[in-house]
Amino acid sequence: MKPAQPLLRVTALSKHFPIHSRGFFSRQVGTVRAVDDVSFDVAPGETLGLVGESGCGKTTAARTILRALRPTSGRVEFALADRCVDLAALPERALKALRPRMQMIFQDPFSSLNPRMTVGAIVGEPLVIHRMARGRELEDRVVDVLRRVGLKGEHRSRYPHAFSGGQRQRIGIARALIMNPALVVCDEAVSALDVSVQAQVINLLEDLQDELKLTYIFVAHDLGVVRHISRRVAVMYAGRIVELAPTEAVFKGALHPYTRALVSAVPYPDPDVRMNFRLAGEVADPAHLPQGCAFHPRCPDRHAPCDKVRPDLRPLADGRRVACHLHHKP
Amino acid sequence: MADNGDILLEVRGLRTSFFLDEGEVRAVDGATFSIRRGRILAIVGESGCGKSVTAYSVLRLIQPPGRIVGGRIVLYPRGRPPIDITALGEKSETLYDVRGGRISMIFQEPMTSLSPVHSVGNQICEAVLLHQPVARREAEARAVAMLGRVGIPGPEERLRQYPHELSGGMRQRVVIAMALACNPELLIADEPTTALDMTIQAQVLALIRTLQSDLGTSVLLITHDLGVVAQTAADVAVMYLGRIVEEAPVRALLKDPRHPYAMGLLQSLPSLSQGRARLPSIPGSVPALTEIPPGCPFHPRCPYMQAGRCDTGGPPDLREVAPDRLAACLRAEEIHT
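Residues numbered from 1 in each chain as written. Chains lettered and ligands numbered in written order. Predicted model: local features only at pLDDT ≥ 70, side-chain atom pairs only at ≥ 80, totals over all residues. Heavy atoms only, no water.

Draft legend 1. Here's a closer look at the overall build of chain B. Each helix and strand counted, chain B has eleven helices and twelve strands in total. A compact globule built from 337 residues should have a C-alpha radius of gyration of about 20 Å, and chain B, at 21 Å, falls within 12% of that. C-alpha extents for chain B along the principal axes are approximately 65 × 50 × 45 Å. Buried positions account for 55% of the 337 residues belonging to chain B. Contacts spanning at least 24 positions in sequence make up 64% of the contacts within chain B whose residues lie at least 6 apart. Total accessible area computed for chain B in this model is approximately 13900 Å², and 51% of it derives from carbon and sulfur atoms. Taken as two groups, the 35 positive and 36 negative side-chain charges of chain B have centres that lie 2 Å from each other. (Helix = DSSP H or I, 4+ residues; strand = E, 2+ residues; numbered from the N terminus. Rg over C-alpha atoms; globule rule 2.2 N^0.38 Å. Buried < 20%, exposed > 50% of the residue type's maximum accessible area, 1.4 Å probe, protein only. Contact = heavy atoms within 4.5 Å. Areas by Shrake-Rupley, 256 points an atom, 1.4 Å probe, with all protein chains shown as cover. Lys, Arg positive; Asp, Glu negative; His and termini not counted. Charge placed at Lys NZ, Arg CZ, Asp CG, Glu CD.)

Structure representation (structure tokens):
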């Protein structure tokens, strides 16, 4: 099933932020482990869902992979045509040359577009920055990518305020795609859109993936959208991946107690499928994580080792990965 | 739809407009619905459809340049004469009695209704003292009881805490406690879980359901999420461009929608289809409120549009298309299979 060569291999990636005390003689008093020991592969042409609740580290993980943030430790191997590079260790200059290969689509179509720039300037800017096209060719490529995302060539002389939320999201997609990226990180890319428009944009993302052989990391909190768009899903809790498995396996029989709770919290638009959510308490504070498994204080299945030994994410016989003592003997 | 004794709030032909430099914006343009006693009615629709403006209109909270320009909102309190909310004076005693007393409201963002500089206890007590003839001691006891009821651990200690010391989910619970402290007959909840995480949303929805069935309060739930509707409401009204286009009991509407817009909304939900089938989507986008199409406002996006019939005249009336079911579509019976 899995091809020999993944496009992206993330190994033991961590991003920690120091907490400083106030005052002149400020010193470090703690650490937020926003992303902690995260590992996964993404195959070319695949969509990997990255889900979790606010503060679980999914966006920080995505940004660290793209080196918008410098990782504290770990490796991010990215496959190019002829070789493989470790993005985590690359100097800035070498990184810039690779930037066109990986792009990001943001959540809020209202704040991610500069209101003072025309759509043509916004979409064409990456080509200008990387000196990849200018003049006539730049113009042609902008028009071409606008058509691809379902807008019109003449839209390039207008400003973002003239567009609806769904159209603005298309502009954001066009800006990401004009560089011909291999990897696109969609960070809550459809979360701010209304249902009818959301469906259009999801369809567009899937069409573009097929046409352009794109690989997506789809960061989202909405499990319904993730179930639709991704074949595999990684569930994060308190900075770590707790389960990584095919999407349908997660929905039909999740292994980790947190994943089970998360799936049971999805409000299905069907009154005969009753939500059966029983988890008490709230998400762990990443600055004060409990010992052992971060989920153990809320876990209905906690037992002897859970408050002392932190479970690692390890594969089962069927290839699903889970970080839970129920499934692995410590 | 139901016997009159059964109805708590009746809204007929409500029109609320905002008078801007560009002209009149008809945010609510003839909305008609009713809320039954002891039941949850959800109004569902996409952004800009007028669902929140409808809720604000019921409490007479519309500020200039907005104004209610037509229609009637009537509350039928148990054992008392009906109150025509639209006819009340801005400073009338009855309006104060209705607002926060008989009808209370919770918002998407809990900090909208919480003061950052007063303790949680003081804020709940204030609401009680304002509307009920009780002493401070009694009000405090009621605040503790309410906080316990909404599932806040250690309510006596929480009373002295300030909102910033609480998490988002806890704040929303405090707001619910505050809203229910005066035993209102109707609770209006405007996107109460939209700002919350999935698991916290599940907890708050379960809480609203439990409290509703324990206290018998009617609820008007404003939401964009059909999942929330299915899991919470008994009745549902779908809104599009300022009008209710379909109203029915929740199971009937979600299983067998009669208005093409409701059909389109349900089909475009990703969670219903497994795997990567193409999502059916509603073509086009919601037009601006200043450019509402003639005839049926949905006709330019409707797959069942019939030229010469759907695109001329005024908007179709909300009418009974089957027992206990209302829809505003000329072709509702023809297109129903």
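Continuing now.
Draft legend 2. Geometry of the pairing of strand E7 (residues 183–187) of chain A. All names here are of chain A. The buried count for E7 comes to five of five residues, which makes it a mostly enclosed element. Side-chain alternation along E7 places Leu183, Val185 and Asp187 on one buried face and Val184 and Cys186 on a second face that is also buried. Inspection of the sheet shows strand E6 (residues 102–105) paired to E7 by four bridges, in the parallel sense. Across the sheet, residue glutamine 103 finds its bridge partner in E7, namely valine 184. (Pairing = 2+ DSSP bridges.)

Draft legend 3. Spotlight on helix H6 (residues 168–180) of chain B. Residues and elements named next belong to chain B. If you check H6, its first and last C-alpha atoms are 19 Å apart, about what 13 residues at 1.5 Å a residue would give, namely 18 Å. Three or more residues of H6 are buried, namely Gly169, Met170, Arg171, Gln172, Arg173, Val174, Val175, Ile176, Ala177, Met178, Ala179 and Leu180. The secondary structure elements touched by the buried residues of H6 are strand E6 (103–106), helix H3 (120–131), helix H4 (136–149), strand E7 (186–190) and helix H7 (198–215). (Expected span 1.5 Å × (residues − 1).)

Draft legend 4. Here's a closer look at unusual backbone geometry. Between proline 64 of chain B and proline 65 of chain B the backbone carries a cis peptide bond, its omega angle lying at 10°. Within the secondary structure, proline 65 of chain B is located in the loop between helix H1 (51–58) and strand E4 (66–75). Residue asparagine 180 of chain A is not a glycine yet carries a positive backbone phi of 50°. Examined against the element boundaries, asparagine 180 of chain A turns out to sit in the loop between helix H5 (165–177) and E7. The backbone of asparagine 183 of chain B shows a phi angle near 50°, a positive value even though the residue is not glycine. Looking at the element boundaries, asparagine 183 of chain B is found in the loop between H6 and E7. Using a relative accessible area of 55% as the deciding quantity, one classes asparagine 183 of chain B as exposed.

Draft legend 5. Structural detail: the nonpolar core. Grouped together as the largest cluster of nonpolar side chains are 132 residues, with contacts concentrated most on Val123, Ile173 and Phe218 of chain A together with Ile176 of chain B. Once residues within four sequence positions are removed from consideration, isoleucine 173 of chain A is found in contact with Ile105, Val149, Val201, Leu204, Leu205 and Leu208 of chain A. (Core = buried A, V, L, I, M, F, W, Y, C linked by side-chain atoms within 4.5 Å.)

Draft legend 6. Region of the structure containing the interface of chain A and chain B. Counting residues at the interface gives 42 residues for chain A and 44 residues for chain B. Carbon and sulfur atoms supply 52% of the area buried between chain A and chain B, which totals about 3800 Å² over both sides. Viewed at the interface, chain B and chain A are joined by four salt bridges. Here aspartate 207 of chain A makes a salt bridge to arginine 278 of chain B, at a shortest N to O gap of 2.8 Å. (Buried area = accessible area lost by both parts, 1.4 Å probe. Salt bridge = Lys/Arg side-chain N within 4 Å of Asp/Glu carboxyl O.)

Draft legend 7. Expanded view of the pattern of salt bridges. Taken as a whole and assessed by the stated rule, the structure comprises 44 salt bridges over all chains. With a closest N to O distance of 2.9 Å, arginine 39 of chain B and aspartate 235 of chain B form a salt bridge. Taken together, the positions of arginine 39 of chain B in the loop between strand E2 (23–36) and strand E3 (40–44) and aspartate 235 of chain B in strand E9 (residues 235–240) put the pair 196 residues apart, joining distant regions of the chain. Salt bridges sharing partners connect three or more residues here, namely Arg33, Asp36, Asp37, Arg240, Arg310 and Asp312 of chain A.

Draft legend 8. Region of interest: the sheet that holds strand E5 (residues 83–84) of chain B. Residues and elements named next belong to chain B. Sheet architecture is open: four strands sit in the order E2-E1-E4-E5, paired in antiparallel fashion. Two strands lie at the open edges of the sheet, namely E2 and E5, each paired on one side alone. Direction of pairing for strand E1 (residues 7–20) relative to E4: antiparallel, over a ladder of eight bridges. Paired with glutamate 10 across the two strands is valine 74, which belongs to E4. H1 rests against E1, E2 and E4 of the sheet, and its axis sits at about 110° to E1. (Axes fitted to C-alpha atoms, helices over the stretch in contact; angles between N-to-C directions.)

Draft legend 9. Focus on the environment of valine 286 of chain B. Residues and elements named next belong to chain B. Following the sequence through the fold, valine 286 ends up in the loop between helix H10 (260–267) and strand E11 (319–322). For the pair valine 286 and valine 28, spaced 258 residues apart in sequence, the C-alpha to C-alpha distance is 15 Å. Discounting chain neighbours no more than four positions away, the residues touching valine 286 are Glu46, Tyr240, Leu241 and Arg301.

Draft legend 10. Inspection of the sheet that holds strand E2 (residues 28–42) of chain A at higher detail. Residues and elements named next belong to chain A. Spatially, four strands are ordered E2-E1-E4-E5 in an open sheet, and the strand pairing comes out antiparallel. Edge positions in the sheet fall to E2 and strand E5 (84–86), since each of these pairs with one other strand and no more. On average, each strand axis in the sheet is tilted by 25° relative to the strand beside it, whichever way the strands run. Bridge analysis of strand E4 (residues 73–79) against E5 gives three bridges, and the strand direction is antiparallel. From the neighbouring strand, alanine 79 faces E5, where its bridge partner is cysteine 84. Here helix H1 (residues 58–65) sits on the sheet in contact with strand E1 (8–20), E2 and E4, set at roughly 115° to E1.

Draft legend 11. Looking closely at the packing of aromatic side chains. Tallying each qualifying case throughout the model produces eight aromatic pairs over all chains. With a centroid separation of 4.4 Å and 45° between ring planes, the pair formed by tyrosine 240 of chain B and tyrosine 261 of chain B is classed as tilted. Of this pair, tyrosine 240 of chain B sits in strand E9 while tyrosine 261 of chain B sits in helix H10; the two residues are 21 residues apart in sequence, bridging distant segments of the chain. Here tyrosine 240 of chain B falls in the buried class, since its relative accessible area comes to 3%. Consider the rings of tyrosine 240 of chain B and phenylalanine 298 of chain B, whose centres lie 5.2 Å apart with planes at 90°: the pair is edge-to-face. Within this pair, whereas tyrosine 240 of chain B is found in strand E9, its partner phenylalanine 298 of chain B is found in the loop between H10 and E11, the two being separated by 58 residues in sequence. Site record: aromatic cluster; members linked through ring pairs are Tyr237, Tyr258 and Phe295 of chain A. (Phe/Tyr/Trp six-rings, centres within 6.5 Å; stacked < 30°, edge-to-face > 60°.)

Draft legend 12. Structural detail: H5 of chain A. Residue and element names in this part refer to chain A. Its 13 residues give H5 an end-to-end C-alpha distance of 19 Å, which sits within 8% of 18 Å, the value for a rise of 1.5 Å per residue. Summarising burial for H5: twelve of the 13 residues are buried, a large majority. Buried residues along H5 sit in contact with E6, helix H3 (119–129), helix H4 (135–148), E7 and helix H6 (195–212).

Draft legend 13. How the structure looks around the pairing of strand E8 (residues 218–223) of chain B. All names here are of chain B. The element E8 is extensively covered by neighbouring structure, given that six of its six residues are classed as buried. Covered by surrounding structure in E8 are Ser218, Leu220 and Ile222 together with Val219, Leu221 and Thr223, the residues of both alternating faces. Across five bridges, the pairing between E3 and E8 is parallel. Bridged to isoleucine 40 within E8 is valine 219. Summarising the sheet, E7 and E8 pair through five bridges and their orientation is parallel. In the strand pairing of E8, leucine 186 is matched with serine 218. Between E7 and its parallel partner E8, the chain crosses via H7, and the hand of that crossover is right-handed. (Right-handed = clockwise from strand over helix to strand, strands pointing away.)

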